[in-house]
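Notes for the structure review
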Amino acid sequence: MRRTVIAGNWKMNMTPSQTKAFITELAPMVAGKDKCDIVLCVPFVDIATAVEAAKGSNIHIGAENVHFAESGAYTGEISAKMLCEIGAEYVIVGHSERRTYFGETDETVNLRTKAALAAGLKVILCLGEVKEQRLAGITDEIVSMQTKLDLAGVSAEELKNVIIAYEPVWAIGTGLTATPEQADETCGVIRKTIAALYGEAAAEQITIQYGGSMNDGNAKELLAKTHVDGGLIGGASLKTDKFTAIVNAAN
Ligand code: PGA
């Protein structure tokens, strides 16, 4: 049975003091909800505080990006080793906002993915089509291509530490959600691609999340779908009650 993973993506929100208050409030609300793994991916400067505040709880902490070099002249970047040392367990790679605003390509997403896995981090690999691609009827080709390019050179053993987040770009932060059927269908296409690359057993094992305006109102229906094994949640992960409601929907 594959794990359901409910992960928050805070984006550029929350200071360290807000982080401490948030996690202190959230921890008792999600205590004992063991039918899913619970992750909060937070800004770099919040990670140490988040790890400390989450100690003894079932909340796992991740980063929102990672550089692919081990060290060197990359002003402003953060390495996988740095993340590991301050206690991050997960990292988001390839989020559409990174791809759109910061020039990330499938090539750099692949490099970041491999560097993170080599350091022992769990990767939440984001991919998904833009609106024009869905309207043109090429969603399946796009997500399949991204899956292949972003995972190039990732071994079957390393794949066990990869979660894929299917995030249709048109649904992120827009209030528009893919229908449960659309989410299921496209997550299914990604699973089929994984089967072609790594075999059926690996495809059955891998957690594939849906992301894009998932909230307390639509989570249950989305999570009920066969191929949707969790959610990557932006806006609704910034409120303890809404995030808890999504965790409850997965439980
Ligand atoms: P959203 O963001 O839930 O605010 O749409 C999702 C994401 O960007 O991961």
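This text gives an overview of the structure that appears in the document. (Residues numbered from 1 in each chain as written. Predicted model: local features only at pLDDT ≥ 70, side-chain atom pairs only at ≥ 80, totals over all residues. Heavy atoms only, no water.)

Bringing the sheet that holds strand β6 (residues 162-166) into the picture now. Ordered in space as β1-β2-β3-β4-β5-β6-β7-β8, the eight strands form a closed barrel in which the pairing is parallel. Strand-to-strand twist in this sheet, taken as the mean axis angle between neighbours without regard to direction, amounts to 30 degrees. For strand β2 (residues 36-41) and strand β3 (residues 59-63), the ladder comprises four bridges, and the chain directions are parallel. Residue pairing for β3: Ile 38 is matched across the bridge by Ile 59. Contacts between helix α5 (residues 106-118) and the sheet are confined to β4 (90-93), β5 (122-127) and β6, with β5 contributing the most and set at about 165 degrees to the helix. Running over the sheet, helix α7 (residues 139-150) touches β5 and β6 and is turned about 150 degrees from β5. (Pairing = 2+ DSSP bridges. Helix = DSSP H or I, 4+ residues; strand = E, 2+ residues; numbered from the N terminus. Axes fitted to C-alpha atoms, helices over the stretch in contact; angles between N-to-C directions. Contact = heavy atoms within 4.5 Å.)

Here we come to the environment of Leu 127. Along the polypeptide, Leu 127 turns up in strand β5. Assessed through its relative accessible area of 3%, Leu 127 is described here as buried. Once the C-alpha coordinates of Leu 127 and Gly 94 are considered, the two residues, 33 residues apart in sequence, prove to be 6.8 Å apart. Apart from residues no more than four positions distant in its own chain, Leu 127 is found in contact with Arg 99, Val 143, Gln 146, Thr 147, Asp 150, Ile 164, Ala 165, Tyr 166, Glu 167 and Ile 190. (Buried < 20%, exposed > 50% of the residue type's maximum accessible area, 1.4 Å probe, protein only.)

With that settled, consider the site of the ligand. Surrounding the ligand, one finds 13 residues, the nearest of these being Lys 11, His 95, Glu 167, Gly 173 and Ser 213. His 95 places a polar side-chain atom, nitrogen or oxygen, 2.6 Å from an oxygen atom of the ligand. Measuring from an oxygen atom of the ligand, one finds a backbone N or O atom of Gly 234 at 2.9 Å. Relative to its unbound accessible area of 280 Å², the ligand is 95% covered by the protein chains. For the shell around the ligand, the class distribution of residues is four nonpolar, seven polar and two charged. (Near = heavy atom within 4 Å. Polar contact = N/O pair within 3.5 Å; in protein donor to acceptor, adjacent residues only side chain to side chain. Areas by Shrake-Rupley, 256 points an atom, 1.4 Å probe, with all protein chains shown as cover. Nonpolar A, V, L, I, M, F, W, Y, C, P; charged D, E, K, R; others polar.)

A few words on the nonpolar core. Ranked by internal contacts, the top residues of the largest apolar core, which has 64 residues, are Ile 6, Leu 40, Ile 59, Ile 61, Val 91 and Tyr 210. Among the elements that make up this core, the one with the highest residue count is helix α9 (residues 180-198) (six residues). Tyr 210 has contacts with Tyr 166, Pro 168, Ala 171, Thr 177, Ala 178, Ala 183, Leu 222, Val 228, Gly 230, Gly 231 and Leu 232, leaving out every residue within four places of it along the chain. By size, the runner-up hydrophobic cluster in this structure holds eleven residues, among which are Ala 7, Val 39, Tyr 90 and Ala 165. (Core = buried A, V, L, I, M, F, W, Y, C linked by side-chain atoms within 4.5 Å.)

Below, the discussion takes up the side chain of Gln 209. Tracing the sequence through the fold places Gln 209 in strand β7 (residues 208-211). Excluding residues that lie within four positions of it along the chain, Gln 209 makes contacts with Val 5, Ile 6, Ala 7, Ile 124, Ile 163, Ile 164, Ala 165, Tyr 166, Cys 187, Gly 230, Gly 231 and Leu 232.

Next up on the list: unusual backbone geometry. Phi is positive for Met 14, which is not a glycine, with a value near 80 degrees. Turning to its location among the elements, Met 14 is positioned in the loop between β1 (4-9) and α1 (16-30). Positioned with a positive phi, Ser 213 is a non-glycine residue whose angle comes to about 55 degrees. Locating Ser 213 in the fold gives a position in the loop between β7 and α11 (219-223).

Nothing here speaks to function; it is geometry throughout.
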